[in-house]
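Residue strings, one per chain:
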Amino acid sequence: MHEDVERVLLDETAIRDRLAQIGRQITEDYAQEPPILVGVLKGAVMVMSDLARAIDLPVEMDWMAVSSYGSGTRSSGVVRILKDLGTDITDRHVLIVEDIIDSGLTLKWLLSNLRSRGPRSVEVCTMLRKPDAARVEIDVRYVGFDIPNEFVIGYGLDYAETYRNLPYVGVLKRSVYED
Ligand code: PRP
Ligand code: MN
Ligand code: MG
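Computed from a predicted model, the values in this text were never measured in an experiment. (Residues numbered from 1 in each chain as written. Chains lettered and ligands numbered in written order. Predicted model: local features only at pLDDT ≥ 70, side-chain atom pairs only at ≥ 80, totals over all residues.)

Trainee: Quick question: what am I supposed to make of the sheet that holds strand 1 (residues 5-10) here?
Mentor: Through backbone hydrogen bonds, the strands of a sheet pair up, either in parallel or in antiparallel fashion. Taking strand neighbours across the sheet as the criterion, the three strands line up as 1-9-8 in an open arrangement whose pairing is antiparallel. The sheet is open, and its two borders are formed by strand 1 and strand 8 (152-153), each paired with just one other strand. Bridge count for strand 8 against strand 9 (residues 169-172) is two bridges, and the pairing is antiparallel. Looking at strand 9, one finds that Ile-153 is bridged to Gly-170. (Pairing = 2+ DSSP bridges. Helix = DSSP H or I, 4+ residues; strand = E, 2+ residues; numbered from the N terminus.)

If you want it as structure tokens, here you go:
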């Protein structure tokens, strides 16, 4: 375990097993017409990679990069597109893939942005969801794990761009981000 990690919340096996279940569910739900998976950079890279391989359908994959702007605390709810889709999603089934929903503001904005493009459907799959997400009314079709309100890193999730490559989800030691 990394020395900055307080404890492991979800190990590799737990993540793999849950994504396999969700992958089977998605395979059933979209059997009629495969979706285009839209991963939200950068955090969703690991989830996208493992989830896509757990889906037994010819899905497409595309990516968006967004950023909440305004300095200091993130997720002001005002979001800027840093990289847009390369795909026209008109009449397509879209499945957004996220690593975590925290305040829910990023996703709320993303949903209304993608819905304005005339897709056939837009659903959300997130590996993690925090309690505050409940305050924003968003319908999330697939949730890997509901987790407590702690600072988590690993498996795509960063603190100041570090720790994304840890193969598990862990709780970051407070000493790392407090003096
Ligand atoms: C993180 C995370 C989600 C978003 C969730 O991304 O990956 O995309 O925040 O937060 P919210 O529900 O409060 O809006 P971040 O903006 O840190 O960018 P990253 O994916 O590149 O790390
Ligand atoms: Mn993100
Ligand atoms: Mg981040």
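Trainee: Explanation requested: the pairing of strand 6 (residues 121-129) in the structure shown.
Mentor: Two faces, one strand: in a regular strand the side chains alternate between the faces of the sheet. Within strand 6, seven of the nine residues are buried, which leaves it mostly tucked inside the rest of the structure. With respect to chirality, the unit in which strand 5 (residues 93-101) leads through helix 3 (residues 105-115) into the neighbouring parallel strand 6 is right-handed. Both strand 6 and strand 7 (residues 142-146) contribute to a ladder of four bridges, which runs parallel. Bridging across to strand 7, Leu-128 finds its partner in Phe-145. (Buried ≥ 20, exposed ≤ 12 C-beta atoms within 10 Å, placed from the backbone. Right-handed = clockwise from strand over helix to strand, strands pointing away.)

Trainee: What is the right way to look at the nonpolar core in this model?
Mentor: The tendency in soluble globular proteins is for nonpolar side chains to be buried as a group. Judged by nonpolar contacts, the single largest core of 39 residues is most densely connected at Val-47, Leu-51, Leu-95, Ile-96, Val-97, Cys-125 and Val-169. Looking at this core, the element that brings in the most residues is strand 5, giving six residues. Beyond its immediate stretch of four places on either side in the chain, Cys-125 contacts Ile-22, Leu-51, Leu-95, Ile-96, Val-97, Arg-141 and Tyr-142. (Core = buried A, V, L, I, M, F, W, Y, C linked by C-beta atoms within 7 Å. Contact = placed C-beta atoms within 7 Å.)

Trainee: Explanation requested: the sheet that holds strand 2 (residues 36-41) in the structure shown.
Mentor: Strands sit in the order 4-3-2-5-6-7 across an open sheet of six strands; the sheet is mixed. Edge strands, defined here as strands with exactly one partner in the open sheet, are strand 4 (79-83) and strand 7. Looking at each pair of strands side by side, their axes are set apart by 30° on average, direction ignored. Pairing of strand 2 with strand 3 (residues 60-68), which is carried by six bridges, proceeds in the parallel orientation. (Axes fitted to C-alpha atoms, helices over the stretch in contact; angles between N-to-C directions.)

Trainee: Even after reading the chapter, I still don't get the environment of Gly-23, so can you show me in this structure?
Mentor: Position of Gly-23 among the secondary structure elements: in helix 1 (residues 12-29). Separated by 18 residues in the primary sequence, Gly-23 and Val-5 place their C-alpha atoms 29 Å from one another. Setting aside chain neighbours within four positions, we find Gly-23 in contact with Leu-51, Ala-54 and Ile-55.

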